[in-house]
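# Structural overview
Residue-level listing of the chains:
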Amino acid sequence: MNDLIIQNIGQLLLPKATDKPLKGKELDELNIVENGTVVINDGKIVYAGSYTDEYEAQSVIDGYGKVVSPSLIDAHTHLVFGGSREHEMALKRQGADYLEILEGGGGILSTVEATRQASEEELFNQAAKNLTTMIQHGVLAVESKSGYGLNHENELKQLRVSRRLADRFNLDMKHTFLGPHAVPKEAESNEAFLQQMIDLLPEMKDYADFADIFCETGVFSVEESKRYMQAAKEQGFKVKIHADEIDPLGGLGLAIDEGAITGDHLVASSEEDKAKLSDSDTIAVLLPGTTFYLGKEDYADARGMLDNNGAIAIATDFNPGSCVTNNLQLVMSIASLKLKLSANEVWNAVTVNAAKAMDIDGGTLNEGDKANLVLWDAPNHEYILYHYGVNHAEKVIHHGQVRVDNHLEI
Ligand code: NIG
Ligand code: FE
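The rules we used
Going along each chain's sequence as written, the residues are numbered from 1 onward. The naming scheme follows written order: chains are lettered A onward, ligands numbered 1 onward. Per-residue local features of the predicted model are confined to residues with pLDDT of at least 70, and side-chain atom pairs are confined, for both listing and counting, to 80 or more; whole-chain, interface and lining totals are unaffected and use all residues. With hydrogens and water excluded, all non-hydrogen atoms of the structure serve as input to the side-chain values. Think of the donor list as every N, O and S atom within 2.8 Å of the metal, or within 3.2 Å for Na, K and Ca; water never makes the list, so a site can look incomplete. Where helices and strands are cited, they refer to DSSP runs of H or I of at least four residues and of E of at least two residues respectively, numbered from the N terminus. With a 1.4 Å probe rolled over the protein chains alone, any residue whose accessible area is under 20% of its type maximum counts as buried; one over 50% counts as exposed, and the rest are partly exposed. Charge assignment: positive for Lys and Arg, negative for Asp and Glu; neither His nor the chain ends contribute. Salt bridges, as used here, are contacts in which a Lys or Arg side-chain nitrogen is within 4 Å of a carboxyl oxygen on Asp or Glu. Polar contacts, as counted here, are pairs of nitrogen or oxygen atoms within 3.5 Å of one another; within protein the pair requires one atom able to donate a hydrogen and one able to accept it, and residues that are adjacent in sequence qualify only if both atoms are side-chain atoms. Whether two residues are in contact is decided by their heavy atoms: any pair within 4.5 Å suffices. UniProt positions are given in the numbering used here, feature names are shortened, and annotations may be inferred rather than shown by experiment. For each residue, the test is whether any non-hydrogen atom lies within 4 Å of the molecule or strand; if one does, the residue is near. Surface accessibility in these figures is a Shrake-Rupley result with a 1.4 Å probe; residues are shielded only by whichever protein chains are displayed. Note on residue categories: nonpolar means Ala, Val, Leu, Ile, Met, Phe, Trp, Tyr, Cys or Pro, charged means Asp, Glu, Lys or Arg, and polar means any other residue, Gly included. In this scheme, a helix's expected span is set at 1.5 Å multiplied by one less than its residue total. Here the arc refers to the set of directions running from the helix axis out to each C-beta atom. Whether two strands pair depends on DSSP finding at least two bridges between them. Convention adopted: a line fitted to C-alpha atoms gives each axis, helices being fitted over their contacting stretch, and angles between N-to-C directions are expressed from 0 to 180 degrees. An angle counts as roughly parallel when it lies under 35 degrees, as roughly antiparallel when it exceeds 145, as roughly perpendicular when it falls between 65 and 115, and as oblique in every other case. Crossing handedness follows the turn of the near helix against the far one: under a right angle anticlockwise gives a left-handed crossing, and clockwise gives a right-handed one. Only Phe, Tyr and Trp rings take part, Trp by its six-membered ring, and two of them pair if their centres are within 6.5 Å. Stacked means planes under 30 degrees apart, edge-to-face means over 60, and tilted covers everything else. Our definition puts a charge over a ring when NZ of Lys or CZ of Arg is within 6 Å of the ring centre and also within 35 degrees of the ring normal.

### Considering the coordination of the iron ion (ligand 2)
Bound to the iron ion (ligand 2) on the protein side are His-76 (NE2), His-78 (NE2), His-242 (NE2) and Asp-317 (OD), at distances that span 2.1 to 2.2 Å. In terms of primary sequence, the donors binding the iron ion (ligand 2) are separated according to H-x1-H-x163-H-x74-D. Pair noted here: His-78 is in the loop between strand E6 (72–74) and helix H1 (88–93) and Asp-317 is in the loop between strand E14 (311–314) and helix H12 (328–338), with a separation of 239 residues, a long-range link. Across the pair, Asp-317 and His-78 agree in class, each one buried.

Okay, here's the thing in structure tokens:
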């Protein structure tokens, strides 16, 4: 006897099992089974495919008129931080831009101040609340960056909180050391601070899976980013980079040359760098919620990247300054509207390819996979992108158990 069957599913989304990220045209290929069945036992998928009544289970969920997909994966977040920055809304209304606020000692640096002052318990509670919202919206795997400590004690504090969250919530999480996220006020120079962060890498290896850096005008140059990435790789880290978010410095080219697992943002990346994606497995992690929140006209050239046979993933970039939403469904809608992605491309970019961007197993529902999935109260997968800004997740199933039930009896 199995534990659970979901029967008569309107649309069952089955991303392709793959060792490598899906690239180019492959992103548009998604197996959508109408009238599907999913069978779960012992936290694992026993069967996922077209209708069958061959299996028996303790519980049955009716999926008629609904969508079932693998649970979502958020492969780029700054989940652990102190305080909030709603006061920046007024500055933004008056026309101040993101880098100007940072230059004036606000922006990331004001969150650094608040994060340093917060106790580990306060950081944990604030992040736990935000993580709960993410789970309620169908996310069961999360990458979480440090980068608001900018010194030994506080970077470690953030990473410890991140690891405690993974334990407490029993989630697939990966933790990223983003020491070079900004240059703190007390630093003698960019160079000296970068060296301090490089010196922390061996110790951070016990706490973090990836090393990341913010390569941007007024923060770290391509040369500095290269030095950091090479030092991190020597310590056994896989590397990531915040690249070409605002200015076209060439961070994507660097990510590809250094074999980074991901290059993230890539709004201003050059044609030359985008062309290099074709021969590379570096995943372009696109964060259109950030472009929206920063009020920019131009979004990352997702179509150009796919035409160049690149691999893309979509994530929130949830953080208190440049993308203050932890609703990945909303970001999926923005991706479809502003990055001009098809529904199939968006769903692959937040499941199977997002798993690759986090270096985890996930994003598929094949026999033997973890039973992490979502029952969506929507007639088809495009509807979820179309009816934007609200939560369509009806049930979130984690290791085969219904962990969230948003259904309201009326
Ligand atoms: O990915 N760009 C750098 N880091 C974050 C923003 C962090 C902040 O503003 O607090 C980002 O956009
Ligand atoms: Fe980010």
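### Looking at the side chain of Asp-244
If you trace the backbone, Asp-244 turns up in the loop between strand E11 (238–243) and helix H8 (251–257). Of the side chains bearing the opposite charge, Lys-274 lies closest to the buried Asp-244, which forms no salt bridge; the N-O distance is 9.2 Å. Polar side-chain contacts of Asp-244 include one of 3.0 Å to the backbone nitrogen of Gly-250. A polar contact of 2.7 Å, which involves the side chain of Asp-244, links it to the side chain of Ser-269. Residues in contact with Asp-244, not counting those within four places in the same chain, are Cys-215, Glu-216, Leu-249, Gly-250, Gly-251, Leu-252, Leu-266, Val-267, Ala-268 and Ser-269.

### Brief notes about the UniProt feature "binding site: Zn(2+)" (unreviewed entry) in the chain
In the numbering used here, UniProt assigns the feature "binding site: Zn(2+)" (unreviewed entry) to His-76, His-78, His-242 and Asp-317. These annotated residues cover 242 residues of sequence, and their C-alpha atoms all fall within 12.1 Å of one another, placing them together at a single site. Counting through the fold element by element, His-76 comes out in the loop between E6 and H1. The residues contacting His-76, other than those within four sequence positions of it, are Glu-143, Lys-145, His-242, Asp-264, His-265, Val-285, Leu-287, Ala-315, Thr-316, Asp-317 and Phe-318. Only 3.3 Å separates the side chain of His-76 from the side chain of His-78, close enough to count as a polar contact.

### A word on the site of ligand 1
Neighbouring ligand 1 are 15 residues, the closest being Tyr-98, Tyr-148, His-181, Glu-245 and Ser-322. One of the side-chain N or O atoms of His-181 is found 2.7 Å from a nitrogen atom in ligand 1. At 2.9 Å, a side-chain N or O of His-265 approaches an oxygen atom of ligand 1. Summarising the interface, the protein chains cover 100% of the accessible area of ligand 1, which totals 330 Å² for the free molecule. For the shell around ligand 1, the class distribution of residues is four nonpolar, eight polar and three charged.

### Here's the deal with helix H5 (residues 152–169)
The terminal C-alpha atoms of H5, which comprises 18 residues, lie 26 Å apart, in line with the 26 Å expected from a rise of 1.5 Å per residue. Those residues of H5 that sit buried are Asn-154, Glu-155, Leu-156, Lys-157, Gln-158, Leu-159, Val-161, Ser-162, Leu-165, Ala-166 and Phe-169. Positive backbone phi, at 55 degrees, marks Asn-170, one or two positions downstream of H5.

### Focus: the environment of Pro-184
Within the fold, Pro-184 resides in the loop between strand E8 (172–177) and helix H6 (190–204). The exposure class of Pro-184 is buried, given its relative accessible area of 5%. Sequence spacing of Pro-184 and Arg-85 is 99 residues, and the spatial spacing of their C-alpha atoms is 18 Å. Not counting residues within four places of it along the chain, the set of residues in contact with Pro-184 comprises Leu-109, Arg-116, Leu-150 and Phe-193.

### Comments concerning helix H7 (residues 222–234)
For H7, with 13 residues, the first-to-last C-alpha span of 18 Å sits near the 18 Å given by 1.5 Å per residue. Looking at H7, one finds that the buried residues are Glu-224, Ser-225, Tyr-228, Met-229, Ala-231 and Ala-232. Down the axis of H7, the buried side of the element spans an arc of 165 degrees, and every buried residue falls inside it. Exposed and facing more than 90 degrees away from the buried side of H7 are Glu-223 and Glu-234. If you follow the buried residues of H7, they end up packed against E8, H6, strand E9 (210–211), strand E10 (214–215), E11 and H8. Backbone geometry just after H7 places Gly-236 at a positive phi near 95 degrees.

### A short note on the pairing of strand E13 (residues 283–286)
On a regular strand, one side chain projects to one face of the sheet and the next to the other, so that they alternate. Neither face of E13 is left uncovered, since the one carrying Ile-283 and Val-285 and the one carrying Ala-284 and Leu-286 both have all their residues buried. In terms of strand pairing, strand E12 (residues 262–265) meets E13 through three bridges, oriented parallel. Counterpart to Asp-264 in the pairing with E13 is Val-285. Direction of pairing for E13 relative to E14: parallel, over a ladder of four bridges. Note that in E14 the partner of Leu-286 across the bridge is Ile-314.

### Thoughts on the side chain of Asp-264
Residue position: Asp-264 is located in strand E12. For Asp-264, the side chain forms a polar contact with the side chain of His-76, separated by 2.7 Å. In contact with Asp-264, not counting residues within four places along its chain, are His-76, Ile-241, His-242, Ala-243, Val-285 and Leu-287.

### What to know about the packing of H5 against H6
The geometry of H5 relative to H6 is characterised by a closest axis approach of 11 Å and an angle of 40 degrees between their N-to-C directions. Relative to H6, H5 is oriented oblique. Considering the relative orientation of H5 and H6, their crossing is right-handed. Within the contact between the two elements, H5 uses His-152, Glu-155, Leu-156 and Leu-159 and H6 uses Leu-200, Glu-203 and Met-204. For the contact of H5 with H6, the residue count by class is four nonpolar, one polar and two charged.

### Some remarks on the packing of aromatic side chains
Think of a pair of aromatic rings as described by two things: how far the centres are apart, and how the planes are tilted against each other in angle. Counted under the stated rule, the structure contains six aromatic pairs. Where Phe-81 meets Tyr-148, the ring centres are 6.4 Å apart and the plane angle is 75 degrees; that geometry is what we call edge-to-face. Of the two residues, Phe-81 sits in the loop between E6 and H1 while Tyr-148 sits in the loop between strand E7 (139–145) and H5, which places them 67 residues apart along the sequence. Note on accessibility: Phe-81 and Tyr-148 belong to one class, buried. Each member of the aromatic cluster is reached from another via a ring pair, and the members are Phe-81, Tyr-148 and Phe-318. When the ring centre of Phe-210 is taken as origin, the NZ or CZ atom of Lys-240, which lies over that ring, is 4.8 Å away.

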